[in-house]
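Listed below, chain by chain, are the residues.
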Amino acid sequence: MPFDAPTPDRKDGQVLPIIGRGLVLERAGRRIIDNVDLAIESGGISIIMGPNGAGKSVLLRLLTGLLNPDAGSVSWAGRRPDRTRAPSVGLVFQKPVLLRRSALANIRYVLRGAGRAERRRRAEQALARAGLGHLARSPARMLSGGEQQRLALARALAPDPDVLLLDEPCANLDPAAAGAIEALIRDARDRGTRIVLVTHDVAQARRLADDVTFLHDGRIVEQTPAASFFDKPSSSAGRAYLDGRLLID
Amino acid sequence: MQDFGAAFGEAFALLLGFDPALMEIIGLSLRVSLTAVFISALIGLPLGAVLGVSRFRGRALVLVLLNTLMGLPPVVVGLLVYLTLSNAGPLGPLALLYTPTAMIIAQSILVTPIVAALARQTIEDMHAEYDEQLRILGVGRGGMVATLLWDARYSLLTAMLAGFGRAIAEVGAVLIVGGNIHHVTRVMTTAIALETSKGNLALALGLGVVLLLLAVVINAAVMGLRATAARWAHA
């Protein structure tokens, strides 16, 4: 029998709001994240944008507890991040990390607390929702790039997380595959999962965002409703980014 | 000295006729080496996996030691096991010397570092890939080790086959602790050495052919496993 993850019951997993206060992370003498305050509360889709090296992916890792800040703190519903509530915080990486198992087994891995039949039913349901029902028995790592990313997203959503963070999930995907990912994100949002999405794709951000956090040089330089950001960004960095002028140091 | 061709002919006659003496030796060889590999897997796989995912002071030293143990000289292992199991040794009262059990102990000591070191490398590589994903899923250290062992199972079988190759072909340790006693501790390698010295080349060649066939089977099994793993994207 393949080993499955020790996923706790959902009722123990309340994590919202996720709050980062005064976050600082330094590497090799450089501040990757520089005194960032950020709150993720219930409802909607937040987009984090910024040029390469702005610290977006690192910020996601700090908020999920994968990295510990050098200064500042992260809290989930008022408490420090902890392993037992981790399944309530989903994270999908740009390059999905899939287990060397079938597509179905990848999802079953994250489900526990129910009987074998119930886990299978929920896994099949999650696969069907992602449009991958016909690939349930296929080796996960043999799927196409778009299918692998949808599977990673379906797996992250299977435990019904409070919040789902996505780190450029559509990078390297064709428009159709990206569209399928966006549909899954909207569906998750509609079912009550809070979404935080890192993307470089301005068009995608316009389609999905309720609010935008713009990061530059490890700092939040703008945090505003999406319409305000795209119509009239208040920061020079934000304007330069939307105009296509690169800000990479 | 027998004619070389005639010796081969006799050897194949013994093999094809399932000569009882030959089959007894082959059976004991497989029993000893397979048991040793099983014991080595029980110890070496978890040990390698824990070393693969752990970071602690002195880890580099442990890895150097483990890799060094992969090249343990069988006669040295045989001597140490002999001293331990001899009447004057700490485990002398168990009366294990010159028994298949002593041979299994010696081979287990030889094979365990191979299985552990290969498992450590495999698990460490996979851990680098899986670490963040498993942590974000809330998987603890024990669960991580179990997951990695399961997902690396094809590669780890390769490590076990490598250990079996070492065990079945080993002669020095089993000769010292087993004594090459007819019907008791005589295995293929020790029998080949003995029969060759006696000039009985037919039996020695017959056993040699079996050993070579086993080497072919082991290599074919390794290649087959790798192909299966690649086909199922487990590699």
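To keep things clear, this report deals only with the structure shown in the data block. Since we're looking at a predicted model, the values are computed, not measured. (Residues numbered from 1 in each chain as written. Chains lettered and ligands numbered in written order. Predicted model: local features only at pLDDT ≥ 70, side-chain atom pairs only at ≥ 80, totals over all residues. Heavy atoms only, no water.)

1. A few points about helix H3 (residues 59-69) of chain B
All names here are of chain B. If you check which residues of H3 are buried, you get Arg59, Leu63 and Leu66. What you see down the axis of H3 is that its buried residues fit within an arc of 65°, all on one side. In H3, those exposed residues whose orientation departs by more than 90 degrees from the buried face are Ala60, Leu61, Val64, Leu65 and Thr68. On its buried side, H3 packs onto helix H2 (20-53) and helix H5 (100-136). (Buried < 20%, exposed > 50% of the residue type's maximum accessible area, 1.4 Å probe, protein only. Helix = DSSP H or I, 4+ residues; strand = E, 2+ residues; numbered from the N terminus. Arc of directions from axis to C-beta. Contact = heavy atoms within 4.5 Å.)

2. A word on the packing of aromatic side chains
All names here are of chain A. Applying the stated criterion to the full structure yields 4 aromatic pairs over all chains. On the basis of an interplanar angle of 75° and a centroid distance of 5.4 Å, the ring pair of Phe229 and Phe230 is categorised as edge-to-face. The buried category is assigned to Phe230, whose relative accessible area is 10%. Pairwise contacts between aromatic rings join Phe214, Phe229, Phe230 and Tyr241 into one cluster. (Phe/Tyr/Trp six-rings, centres within 6.5 Å; stacked < 30°, edge-to-face > 60°.)

3. Some remarks on the sheet that holds strand S1 (residues 18-27) of chain A
Residues and elements named next belong to chain A. One open sheet accounts for 3 strands, arranged S2-S1-S4; its pairing is antiparallel. Taken across any chain shown, the strands that pair with only one partner, and hence form the sheet edges, are strand S2 (30-40) and strand S4 (71-76). For this sheet the average axis-to-axis angle between neighbouring strands, irrespective of direction, equals 20°. Pairing of S1 with S4 involves 5 bridges; the strand directions are antiparallel. Residue Gly20 lies in a different strand from S4, and its bridge partner there is Val74. Sitting on the sheet, helix H1 (residues 56-64) is in contact with S1, S2 and S4, with an inclination near 55° to S2. (Pairing = 2+ DSSP bridges. Axes fitted to C-alpha atoms, helices over the stretch in contact; angles between N-to-C directions.)

4. Focus: the pattern of salt bridges
Residues and elements named next belong to chain A. With the rule as written, the count across this model stands at 20 salt bridges over all chains. Taking the shortest distance from any N to any O, the salt bridge between Arg219 and Asp34 comes out at 2.8 Å. Of this pair, Arg219 sits in strand S9 (residues 219-225) while Asp34 is found in strand S2, placing the two residues 185 residues apart along the sequence. By relative accessible area, Arg219 is classed as partly exposed at 47%. (Salt bridge = Lys/Arg side-chain N within 4 Å of Asp/Glu carboxyl O.)

5. Brief notes about H2(B)
Helix length check: H2(B), at 34 residues, gives a terminal C-alpha distance of 48 Å against a target of 50 Å (1.5 Å per residue), a fit within 8%. At B:Ala41, H2(B) shows its maximal bend, which comes to roughly 30°. (Expected span 1.5 Å × (residues − 1). Bend = angle between axes of the 7 residues up to and from the residue.)

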